[in-house]
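Understanding the architecture of this molecule
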Amino acid sequence: MHFGAVITAGTVLSGASVPGSRAVQISLTLAFFALMFAASWRGYWRGPVRQAAPLCAFAVASAAAYFFGAAFGHAWLGIVGVPWILRGPVGVVLLCLFIWLPVFSVLWSRGRKQVSERTGEPEHPVLGAVVGCWTGIFWGGLAALCVAAAGTVGETYLAVHAGTGAKSAADRVSYAFAKAKNSIALYPGLSFLKTWSPLPDSALRIAGKTLDVLGSRAAQQRLLRMPEIQSLVTDPAVYPVLSDPEIRRMIERRDVDALLSDARIRRMLYDETFQRRISALDLEPLLDSALAGTPPPLP
């Protein structure tokens, strides 16, 4: 089995594909309508401004984080030891949180609960309920996307660990999310979720091809003979790790869990110079050449 096919498809291709369930689909549907009703009820009493405040703050914070989050992360997160390759994504998340809170606070204070002192009833009940209904729909859709993303990760986890015979808590959680994702995909128009992934296609392709290369000794040898890779693996920070017999055995066994938990591998991956050199490589053509047994294309 080619691990690259498993990852790029985002589904379990080992014969253990997780099916959707009508019972789970009905349960998720009821939860969605319950969320809509709860949001409408809260909007009825809170008023439209307070009900929309979290969503509006999220929109403003997301836009700011999209344009400035990566620069923020690279400028400040190195001080606290965040790896270079993660500073951009972590900066986006942190800047979104930092902006969301003050914007939400301002909107919340301006939309203070509008209840008539004479009647005790809200002053804008219909508008608040309508806004609440639509915010409930949005948060329900966002929750469905999160479940789909977790389901994709769960299916990939189950595929990579297929045949091990282990039934750990991670297996059960992965199976539950995968079943929930494929249950949502049973709705008309949502079948694309069965193969949808939150990660870019290029990242999935590279991850899958990397695992395929690690699974073939011939492909590994071809990759290591390429000048771009030789200059990387002969680096003093990399060569002692990859030439270690224990590390070599892990690579030959395709034991990804053991590799990622090894302290030497983790030190190498956390090295900023190594991360910068990996990011500068046009890795996919090199992996394609290693798998096909042909010389890499000229730059």
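Scanning the chain for helices and strands turns up 15 helices and 0 strands. Considering the chain as a whole, with its 299 residues, one finds that 33% of them fall into the buried category. For the chain, contacts bridging at least 24 residues in sequence account for 72% of all contacts bridging at least 6. Roughly 17,400 Å² of accessible area belongs to the chain as shown, and the carbon and sulfur atoms make up 68% of that amount.

For the rest of this paragraph, the subject is the packing of helix α13 (residues 263-270) against helix α14 (residues 272-280). At a minimum axis distance of 5 Å, the contact between α13 and α14 shows a crossing angle of 65°. The orientation of α13 with respect to α14, classified from their angle, is roughly perpendicular. Of the residues in α14, those touching α13 at M268, L269 and Y270 are E272, F274 and Q275. A class-by-class count of the residues in the contact of α13 with α14 yields 4 nonpolar, 1 polar and 1 charged.

On to the nonpolar core. If you look at soluble globular proteins, the nonpolar side chains tend to sit buried side by side. Within the largest apolar cluster, 21 residues are counted, with the highest numbers of intra-cluster contacts made by L223 and I229. Those elements that provide at least two residues to this core are α8 (217-224), α9 (227-233), α11 (245-253), α12 (256-261), α13 and α15 (283-292). When neighbours within four sequence positions are excluded, L223 is seen to be in contact with V213, I229, L286, L287 and A290.

Looking now at the environment of I85. One can find I85 in helix α4 (residues 84-110). For I85, a relative accessible area of 44% gives the class partly exposed. Setting aside anything within four residues of it in sequence, one finds I85 in contact with Q275 and S279.

Moving on, we get to the UniProt feature "transmembrane region" (unreviewed entry) in the chain. In the numbering used here, UniProt assigns the "transmembrane region" (unreviewed entry) feature to residues 25-45, 52-72 and 84-108. Here residues 25-45 is 100% helix and 0% strand, with 31 Å between the C-alpha atoms at its ends. In residues 52-72, the share of helix is 100% and the share of strand is 0%. The end C-alpha atoms are 28 Å apart.

Moving on to the pattern of salt bridges. In total, this model carries 7 salt bridges according to the counting rule given. Note that R205 is salt-bridged to E284, the shortest N-O span being 2.8 Å. One end of the pair, R205, is in helix α7 (residues 201-214); the other, E284, is in helix α15, with 79 residues separating them in the sequence. By relative accessible area, which is 34% here, R205 ends up partly exposed. In the salt-bridge network here, residues are joined through shared partners; they are R205, K209, E284 and D288.

A separate point is the packing of aromatic side chains. Two numbers describe a pair of aromatic rings. These are the distance of the centres and the angle of the planes. A complete count under the given rule lists 12 aromatic pairs for this structure. For the pair F32 and F33, a centre-to-centre distance of 5.9 Å together with 75° between the ring planes defines the contact as edge-to-face. Ring geometry for W41 versus W45: centroids 6.2 Å apart, planes at 70°, classification edge-to-face. With W41 and W45 both in helix α2 (residues 22-46), this residue pair falls 4 residues apart, about one helical turn. Given the relative accessible area of 27%, W45 is considered partly exposed. What links up through ring pairs into an aromatic cluster is the set W41, Y44 and W45.

A word on a nonpolar patch on the surface. A contiguous nonpolar patch, built from V256, L260, L269 and Y270 and spanning about 350 Å² of accessible area, is present on the exposed surface. Within the secondary structure, L260 sits in helix α12.

Between two packed helices, what matters for the description is the angle formed by their axes and the separation of those axes. Where helix α3 (residues 48-76) meets helix α5 (residues 125-160), the axes come as close as 8 Å, and the angle between the chain directions of the two elements is 30°. As the angle between them shows, α3 and α5 are arranged roughly parallel. Note that α3 runs across α5; the crossing there is left-handed. Of the residues in α5, those touching α3 at P48, Q51, A52, P54, L55 and F58 are L127, G128, V131, G132, T135, F138 and W139. Grouping the amino acids of the contact of α3 with α5 by side-chain chemistry returns 9 nonpolar, 4 polar and no charged.

Parameters and conventions
- Residues numbered from 1 in each chain as written.
- Predicted model: local features only at pLDDT ≥ 70, side-chain atom pairs only at ≥ 80, totals over all residues.
- Heavy atoms only, no water.
- Helix = DSSP H or I, 4+ residues; strand = E, 2+ residues; numbered from the N terminus.
- Buried < 20%, exposed > 50% of the residue type's maximum accessible area, 1.4 Å probe, protein only.
- Contact = heavy atoms within 4.5 Å.
- Areas by Shrake-Rupley, 256 points an atom, 1.4 Å probe, with all protein chains shown as cover.
- Axes fitted to C-alpha atoms, helices over the stretch in contact; angles between N-to-C directions.
- Parallel < 35°, antiparallel > 145°, perpendicular 65-115°, else oblique.
- Nonpolar A, V, L, I, M, F, W, Y, C, P; charged D, E, K, R; others polar.
- Core = buried A, V, L, I, M, F, W, Y, C linked by side-chain atoms within 4.5 Å.
- UniProt positions renumbered as here; feature names shortened; annotations may be inferred.
- Salt bridge = Lys/Arg side-chain N within 4 Å of Asp/Glu carboxyl O.
- Phe/Tyr/Trp six-rings, centres within 6.5 Å; stacked < 30°, edge-to-face > 60°.
- Patch = residues over 30% accessible without salt bridge, like charges linked within 9 Å, V, L, I, M, F, W, Y side chains within 5 Å.
- Left-handed = near helix turned anticlockwise from the far one by under 90°.

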